[in-house]
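# Observations on chain architecture
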Amino acid sequence: MKRNFSLFCLLNFLAPVLLLAQNPKVDILEYEFHLKLNDENDVIKGNAIIDFQYNEDADVLELDFAAEENGKGMIIDSILQNGKQLKFQHSQEKLNINTSSEDEISIFYHGIPEDGLIISENKYGDRTFFGDNWPNRAHLWLPLIDHPSDKAKVSFYVTAPSKYQVVATGTLQEITNIDDENSLYVYATPLELPTKVMVIGVAEFAVQHLGEIAKIPLSSWVYPENKEAGFYDYAQAEEILQFFSEKIAPFPFTKLANVQSTTRYGGMENAGNIFYFENSVDGKRSSEFLLAHEIAHQWFGDSASEDDWSHLWLSEGFATYFTDLYAEHQYGKSKLDEKLQQERRQVIGFSQSTKTAVIDSSRTNLMELLNPNSYQKGAWILHMLRRKVGDENFWKTIQQYYQKYKFSNATSEDLKVEFEAVSGINLNQFFKQWLTQYGQPKIKLEYSYKNGKLKITVQQLQKNDFEFPIELQLNYATKDAEIIDFNITKKKETFEIETSEKPISIDLDPNTNLLFEEAL
Ligand SMILES: [Zn+2]
C-alpha cells in the first residue's frame, strides 16, 4: 500500500495495529463469506464457511475475530459443523472453536465493525462500505487467520441495497435482484490470497470497462460525481498493466478494477480491485505513480507475498522500485534518477532518527513498518542488485523469483537464492549489510594532485561495515569529464590514478547507483 502522507503521522500516533501471531497448527484452505449490509444501521450480518485442515492433532480451532466491546465488534450467533452446534470461546481478538474434526465449519455472526470494513459517508455525503484490511484488520469484520502466511481461496456473497454496486476480490459470478430492495453479488477466486488483500467495496459507482489489456479485463470504479475525471485518471492503468505484464509475468488475477474509495491509505493493493483514496481522482492524472505502485503490488505482495511482516520490503520495496522502473520506461533515466535521489534522501533522513534494519522483527505495532526502510531503502536495494547483476540477470531473476513464489510466500533469503542462482555471484555480504544492519555508507572523499598523479582517499564514517562499488566523476577545466570506479571494502582506502590534468571537482556517484550519504 502507499501511505497517505497527510494522515501518516496522525495514524501512527492514534492507531497502533498490533501483531497477531502466525498459527502453524492450522491451514485455512478456503473462506466463503456471506455478508448482508443495510442502510438502516451499521450492523452487518455474516456467515463464514471455512474449509481448513489441522497440521497437527488438535481439538480447538483458533481464529482471529474481534469480539464485541462497547457496542462495536462481532457477536457470534452460532457455529455449526455437520449441522451440529459447536462450543466456542470468543473474547477480544480470538475465537476458539472446540472441534477435532476437519469438516468445514459455518459461523453465523453479526455486529458493527469497529474498523476493517469502513462504513461511512464519502466526500459527497453518500454512504459507502469499503474493506480496508492492511495489515491485519480483516479480523475486525471477518473470522479468519489474519496473517499473510496463511493464504486461502475466498468468495464473497454480498447482499446490499440495490442502489449500490459491489466490487470484491475474485471474478464476478452472479448478480441477482433478491427482492424489491436488495441485490446479491457473488465474487470468487480459486487463487490463494493473504487476508490483507481480500475485500469488498459497496457504493454508488460510475463504472467504465476499458476492455482487455494484456488479456485482463480492466475497469475503473469512481464516484458518479467524479465520473469524467476518474475515468480519465484511472485509464492510465492501461499502460502500467501492459508494462508490468510484459516485464514480470502475466497479471496474477482475473480482473483489475481501480476503485475510488475511503481507504485510510493513499492506495491499498487489494487483489484484483485496488482501492485508492478519494482525492486520487483530480482529472489531472496526478496519481499515475500511485497507480503504478498498487498495480506492481498485484505481483509482489498479493501474489508473491512476504512470509512474515519483518520481510515487508518484499512487498513495499518492490512496489516502490517497480514504480521507479515504470517511471524510467515512461519518462527516461532522468526520471528514474530523480525518484531514486528523492528516495535516498528519505532513507538518510529516517536513518538519522531510527537505527533499525530493513528486516525488522522488533515491531509489535505493524503501522511502524510503513517506514522508509520498507519502501525507499527496499527500492534502493533492488536498484543496487540490478546494477550488480546487470539488467538481463535482474529481470531474469525477478521472473524466476515470481514464478517460484506466486500465490505463495517468500523470505529475503529466498530472493537472495534466486539472485545468486541466476547471476552466479555470492550475495551473502550484500544481503547481510543492506538488510540486517541499519544505516548506509557515509562517505568522505579527499584528493590531491601532484606530478600527473591523482591520489583519492575514500573514507567511511558510519558505524557499520559496508562493501560497495563506487563511481567518481572527475571534472576537468579543459578536457571531458571521466568516470572511474573502485570497489570499496575497507573503512579507509586510497587509490592513485594517472591523469594529465588536475580535476577541478569530483562528483560522487554521478549515475545514481549507490545508497550513501555524503559527509560534508
Ligand atoms: Zn505499497
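Quick caveat, the model's predicted, so the values are computed rather than measured. (Residues numbered from 1 in each chain as written. Predicted model: local features only at pLDDT ≥ 70, side-chain atom pairs only at ≥ 80, totals over all residues. Heavy atoms only, no water.)

## Side note on a negative patch on the surface
A surface patch of negative charge is lined by Glu30, Glu102, Asp103 and Glu104. Tracing the backbone through its elements, the reader meets glutamate 104 in the loop between β7 (94–98) and β8 (105–112). On the basis of relative accessibility, which here comes to 46%, the residue glutamate 104 falls in the partly exposed class. (Patch = residues over 30% accessible without salt bridge, like charges linked within 9 Å, V, L, I, M, F, W, Y side chains within 5 Å. Areas by Shrake-Rupley, 256 points an atom, 1.4 Å probe, with all protein chains shown as cover. Salt bridge = Lys/Arg side-chain N within 4 Å of Asp/Glu carboxyl O. Lys, Arg positive; Asp, Glu negative; His and termini not counted. Charge placed at Lys NZ, Arg CZ, Asp CG, Glu CD. Helix = DSSP H or I, 4+ residues; strand = E, 2+ residues; numbered from the N terminus. Buried < 20%, exposed > 50% of the residue type's maximum accessible area, 1.4 Å probe, protein only.)

## A few points about the side chain of glutamine 236
With respect to the helices and strands, glutamine 236 occurs in the loop between α2 (227–234) and α3 (237–247). By relative accessible area, which is 13% here, glutamine 236 ends up buried. Among all residues touching glutamine 236, those that are not within four sequence positions of it are Arg285, Glu288 and Leu291. (Contact = heavy atoms within 4.5 Å.)

## Looking at the pattern of salt bridges
Side-chain pairing between opposite charges can occur once the charged atoms of the two side chains come close. This structure, assessed with the given rule, holds 22 salt bridges. The closest approach of N and O atoms between lysine 25 and glutamate 62, which form a salt bridge, is 3.0 Å. One end of the pair, lysine 25, is in the loop between α1 (5–14) and β1 (26–36); the other, glutamate 62, is in strand β3 (residues 60–64), with 37 residues separating them in the sequence. Residue classification places lysine 25 among the partly exposed positions, given a relative accessible area of 30%.

## Some points on the layout of surface pockets
The space that makes up the largest pocket amounts to roughly 510 Å³. Forming the boundary of the largest pocket are 19 residues, of which Ala66, Glu93, Glu114, His139 and Leu140 lie nearest the centre. (1 Å grid on protein atoms, 1.4 Å probe; cavity = no way out; pocket = protein on both sides within 12 Å on 5 of 7 lines; lining within 4 Å. Points joined across faces, edges and corners; volume = space filled by probe spheres on them.)

## Brief notes about the domain arrangement of the protein chain
What the domain assignment lists for the protein chain is domain 1 (25–203), domain 2 (205–302), domain 3 (305–435) and domain 4 (442–518). Inter-centroid distance (C-alpha atoms) of domain 1 to domain 4 is 58 Å. (Domains from an automatic or database assignment.)

## Re the packing of aromatic side chains
Under the counting rule described, the total for this entry stands at 38 aromatic pairs. Between tryptophan 434 and phenylalanine 466 the ring centres are 4.9 Å apart and the planes differ by 50°, which places this aromatic pair in the tilted class. Residue tryptophan 434 is found in helix α10 (residues 428–435), and its partner phenylalanine 466 is found in the loop between β24 (453–460) and β25 (468–475); the two are separated by 32 residues along the sequence. For the pair shown, tryptophan 434 and phenylalanine 466 are each scored as buried. Sitting over the face of the ring of phenylalanine 289, lysine 339 holds its NZ or CZ atom 4.2 Å from the ring centroid. Of note, lysine 479 hangs over the ring of tyrosine 476, and the distance from its end group to the ring centre comes to 4.4 Å. (Phe/Tyr/Trp six-rings, centres within 6.5 Å; stacked < 30°, edge-to-face > 60°. Lys NZ or Arg CZ within 6 Å of the ring centre and 35° of its normal.)

## With respect to the side chain of aspartate 115
Turning to its location among the elements, aspartate 115 is positioned in the loop between β8 and β9 (117–121). Among the residues examined, aspartate 115 registers a relative accessible area of 16% and is labelled buried. Polar contacts involving the side chain of aspartate 115 include one to the side chain of arginine 137, which spans 2.9 Å. Excluding residues that lie within four positions of it along the chain, aspartate 115 makes contacts with Arg137, Leu140, Trp141 and Arg264. (Polar contact = N/O pair within 3.5 Å; in protein donor to acceptor, adjacent residues only side chain to side chain.)

## Section: the packing of helix α5 (residues 313–331) against helix α7 (residues 373–389)
Orientation of α5 relative to α7, taken along the N-to-C sense of each, is 65°, at an axis distance of 7 Å. Relative to α7, the crossing made by α5 is right-handed. Contacts between α5 and α7 involve Trp313, Glu316, Gly317, Phe318, Thr320, Tyr321, Asp324, Leu325 and Glu328 from the first element and Ser374, Tyr375, Gly378, Ala379, Ile381, Leu382, His383 and Arg386 from the second. Within the contact of α5 with α7, the residues separate by chemical class into eight nonpolar, five polar and four charged. (Axes fitted to C-alpha atoms, helices over the stretch in contact; angles between N-to-C directions. Left-handed = near helix turned anticlockwise from the far one by under 90°. Nonpolar A, V, L, I, M, F, W, Y, C, P; charged D, E, K, R; others polar.)

## Let's talk about helix α9 (residues 412–423)
Between its first and last C-alpha atoms α9 spans 17 Å; for twelve residues at 1.5 Å apiece the expected length is 16 Å, and the two agree. What α9 keeps buried is the set Ser412, Leu415, Lys416, Glu418, Phe419, Val422 and Ser423. Take α9 and look down its axis: the buried residues cluster within an arc of 160°, on one side only. Contacts from the buried residues of α9 go to α5, α7, α8 (391–405) and α10. A positive phi of about 75° marks glycine 424, the residue just after α9. (Expected span 1.5 Å × (residues − 1). Arc of directions from axis to C-beta.)

## Describing the pairing of strand β13 (residues 171–177)
Remark: a regular strand shows side chains that alternate across the two faces of the sheet. Relative to strand β14 (residues 182–193), β13 is paired through six bridges, and the arrangement is antiparallel. The residue of β14 that forms the bridge with asparagine 177 is serine 183. Remark: four residues form the turn of the hairpin made by β13 and β14, two consecutive strands paired antiparallel. (Pairing = 2+ DSSP bridges.)

## Quick look at the nonpolar core
Among soluble globular proteins, nonpolar side chains are generally buried collectively. Ile107 and Phe156 are the most contacted members of the largest nonpolar core, which has 151 residues in total. It is α7 that provides the largest number of residues to this core, a total of eight residues. Excluding its chain neighbours within four sequence positions, the residues that come into contact with isoleucine 107 are Gly46, Asn47, Ala48, Ile50, Leu63, Ile76, Ser78, Ile79, Leu95, Ile97 and Pro143. (Core = buried A, V, L, I, M, F, W, Y, C linked by side-chain atoms within 4.5 Å.)

## Structural notes on the environment of glutamate 517
Among the structural elements, glutamate 517 can be located in strand β29 (residues 517–518). When its relative accessible area of 15% is taken as the criterion, glutamate 517 is described as buried. C-alpha of glutamate 517 to C-alpha of proline 441: the two residues are 76 residues apart in sequence and 6.1 Å apart in space. With sequence-adjacent residues up to four places away left out, glutamate 517 is seen in contact with Ile348, Gln352, Gln440, Pro441, Lys442 and Ile443.

## Quick notes on the UniProt feature "domain: Peptidase M1 membrane alanine aminopeptidase" (unreviewed entry) in the protein chain
Per the UniProt record, the feature "domain: Peptidase M1 membrane alanine aminopeptidase" (unreviewed entry) sits at residues 234–434. In this annotation, residues 234–434 is assigned 57% helix and 8% strand; the end-to-end C-alpha distance for the span is 35 Å. (UniProt positions renumbered as here; feature names shortened; annotations may be inferred.)

## Notes on the pairing of β1
In this structure, β1 lies alongside strand β2 (residues 44–54), joined through ten bridges in antiparallel fashion. Considered in β2, the bridge of glutamate 30 is made with aspartate 51. Two elements, β1 and strand β11 (residues 152–161), share seven bridges in a ladder whose sense is parallel. Looking at the pairing, histidine 34 lines up with tyrosine 157 of β11.

## Structural notes on the sheet that holds strand β27 (residues 492–498)
Strand-to-strand pairing in sheets goes through backbone hydrogen bonds, with the strands running parallel or antiparallel. With respect to topology, four strands assemble into an open sheet ordered β27-β24-β23-β29, the strand pairing being mixed. At either end of the open sheet lies a strand with only one pairing partner, and these are β27 and β29. By the bridge criterion, seven bridges tie β24 to β27 in an arrangement that is antiparallel. Residue pairing across strands places threonine 457 opposite threonine 494, the latter belonging to β27.

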